[in-house]
Amino acid sequence: MGADIGGHHIAAALVDGATGGLVEGSPRRQALDRKASAEALITGWAALIDELDDLAGGRVTGVGVAMPGPFDYARGVAHFEGNDKFEALNGVNVGAALREHARRPHNIRFLNDATAFAVGCSRMGDAPRTGRAVALTLGTGLGAAFLEDGVPVIAGEGVPPDGCLWSLPFGAGIADDHVSVRWILDQARMTGLAAEGVAELASRARQDSAAAAIFERYGENLGAIAGPWLASFGAADVVLGGRITGAFDLFAPSLRRALESAGAVVSVRTHPNTEDAAIVGAATTFDETFWSRARTRLPRR
């Protein structure tokens, strides 16, 4: 079983261990209140695990979970202090709690959500299984995963600390401040273009030059943040996921120019279903060949 835990919902599905694909009819989505108590969150997630385990006739061999950071992925402990996502889980051993609340004590393994997306893209053929590639998730914040031969890399020459870009200094703040949904909507408000979300603003941008300029600046920011690291890592491919990719046509030209200026010679593409890729990537933790290489490369925070 693979699960992708986001800021507003959890998506989960059964994954065929032989083919690596989602089992037809198994995908589930459940709304989340990220301000809920730890008990409510764990109970809800465990109930979803039970539901899919029942669907599989009790044959689930493990549960892989794509989880946002900061998180100790090796131990399964959340470090969400001061974080607007799941702060009630701060200090909680999520793996142990899920095993306690689910009807069966499943083996549970964790991957960073962006890393799970990257691994899933590699498994599904949308990112290369050999060589160096980077996946970026664009939404509430900036997720990043650096892959070498399909396995995450979080340290070493050309890789930012823990393989993360979101917290790097940029402009008057950090990268997340300049490439998030929040930044896009703040720019819209300052321009007098009130919009309920990125999709609405993107639709307007295809006819409105002021709205289009926001996405152009977004691409410039993303390229300036990621470009030097893509170049130093030697990545040949970049895969983008997340809800902001719905506006890829609007920021792709400025992104590519900024990447080229940074010396990054890469192929840039989007993945059509970020959740499915993250679910497959999370479930890949039960491919023991992959896990034997990946488990030593998991961020501790």
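Data block above holds the structure.
Remember, predicted model here, so these are calculated numbers, not experimental data.

Each value, and the rule that gives it
Residues numbered from 1 in each chain as written. Predicted model: local features only at pLDDT ≥ 70, side-chain atom pairs only at ≥ 80, totals over all residues. Heavy atoms only, no water. Pairing = 2+ DSSP bridges. Helix = DSSP H or I, 4+ residues; strand = E, 2+ residues; numbered from the N terminus. Axes fitted to C-alpha atoms, helices over the stretch in contact; angles between N-to-C directions. Contact = heavy atoms within 4.5 Å. Phe/Tyr/Trp six-rings, centres within 6.5 Å; stacked < 30°, edge-to-face > 60°. Buried < 20%, exposed > 50% of the residue type's maximum accessible area, 1.4 Å probe, protein only. Polar contact = N/O pair within 3.5 Å; in protein donor to acceptor, adjacent residues only side chain to side chain. Parallel < 35°, antiparallel > 145°, perpendicular 65-115°, else oblique. Left-handed = near helix turned anticlockwise from the far one by under 90°. Nonpolar A, V, L, I, M, F, W, Y, C, P; charged D, E, K, R; others polar. Core = buried A, V, L, I, M, F, W, Y, C linked by side-chain atoms within 4.5 Å. Disulfide = S-S within 2.5 Å.

Draft legend 1. Spotlight on the sheet that holds strand β10 (residues 151–153). One open sheet holds the five strands; their spatial order is β10-β9-β8-β13-β14, and the pairing between them is mixed. With one partner strand each, in any of the chains shown, β10 and β14 (267–270) form the two edges of the open sheet. Strand-to-strand twist of the sheet, defined as the mean angle between neighbouring strand axes without regard to direction, takes the value 30 degrees. In the sheet, strand β9 (residues 142–148) pairs with β10 via three bridges, with the strands oriented antiparallel. Within β10, the residue paired with Leu147 across the bridge is Pro152. Here helix α7 (residues 248–261) sits on the sheet and contacts β8 (132–138), β13 (237–241) and β14; the angle it forms with β14, its principal contact strand, is near 160 degrees.

Draft legend 2. Structural detail: the packing of aromatic side chains. For the structure on display, the rule yields nine aromatic pairs. Between the aromatic rings of Phe71 and Phe80, the centroid separation amounts to 6.3 Å while the plane-to-plane angle is 40 degrees, which identifies the pairing as tilted. By relative accessible area, Phe80 is classed as buried at 0%. Members of the aromatic cluster, connected to one another through ring pairs, are Trp45, Phe71, Tyr73, Phe80, Phe86 and Phe110.

Draft legend 3. Representation of helix α8 (residues 274–283). In terms of burial, α8 is a largely internal element, eight of the 10 residues being buried. Those residues of α8 lying buried are Glu275, Ala277, Ala278, Ile279, Val280, Gly281, Ala282 and Ala283. The backbone nitrogen of Glu275 lies 3.2 Å from a side-chain oxygen of the residue at the head of α8, namely Asn273.

Draft legend 4. Inspection of the packing of helix α5 (residues 198–205) against helix α6 (residues 209–233) at higher detail. For the pair α5 and α6, the least separation of the axes is 7 Å and the interaxial angle reads 120 degrees. It follows that α5 is oblique to α6 by the angle criterion. Between α5 and α6 the crossing geometry is left-handed. From α5, Val198, Leu201, Ala202, Arg204 and Ala205 reach across to α6, where they touch Ala211, Ala212, Ile214 and Phe215. In terms of residue class, the contact of α5 with α6 is made up of eight nonpolar, no polar and one charged.

Draft legend 5. Structural view of the nonpolar core. Counting residues in hydrophobic clusters, the biggest one holds 45 residues, and the most contacted among them are Leu136, Phe215 and Phe251. Elements supplying a minimum of two residues to this core: β8, β9, α4 (181–190), α5, α6, β13 and α7. Not counting residues within four places of it along the chain, the set of residues in contact with Leu136 comprises Phe117, Leu142, Gly143, Ala144, Leu165, Leu222, Ala226, Val238, Val239, Leu240 and Gly241. Judged by nonpolar contacts, the second largest core, of 39 residues, contains Ile5, Ala78, Ala102 and Ala278.

Draft legend 6. Focus on the packing of α6 against α7. Contact pair α6 / α7: the axes reach a minimum separation of 7 Å and the direction vectors enclose 35 degrees. The crossing of α6 and α7 is right-handed. Along the contact surface, α6 presents Phe215, Glu216, Tyr218, Gly219, Glu220, Leu222, Gly223, Ala224, Gly227 and Leu230, while α7 presents Leu250, Phe251, Ser254, Leu255, Arg257, Ala258 and Leu259. Of the residues assigned to the contact of α6 with α7, the class counts are 10 nonpolar, four polar and three charged.

Draft legend 7. Broad picture of the state of the cysteines. Under the criterion given, the structure shown has zero disulfides. Cysteine Cys121 remains unbridged, with the sulfur of Cys164 as its closest cysteine sulfur at 17 Å. Classification of Cys121 as buried rests on a relative accessible area of 1%.

Draft legend 8. Spatial organisation of the environment of Arg34. With respect to the helices and strands, the residue Arg34 is situated in the loop between β3 (28–31) and α1 (38–55). Residue classification places Arg34 among the partly exposed residues on the basis of a relative accessible area of 22%. Separated by 52 residues in the primary sequence, Arg34 and Phe86 have C-alpha atoms spaced 4.9 Å apart. Residue contacts for Arg34: discarding those within four places in its chain leaves Gly7, His8, Asp84, Lys85, Phe86 and Glu87.

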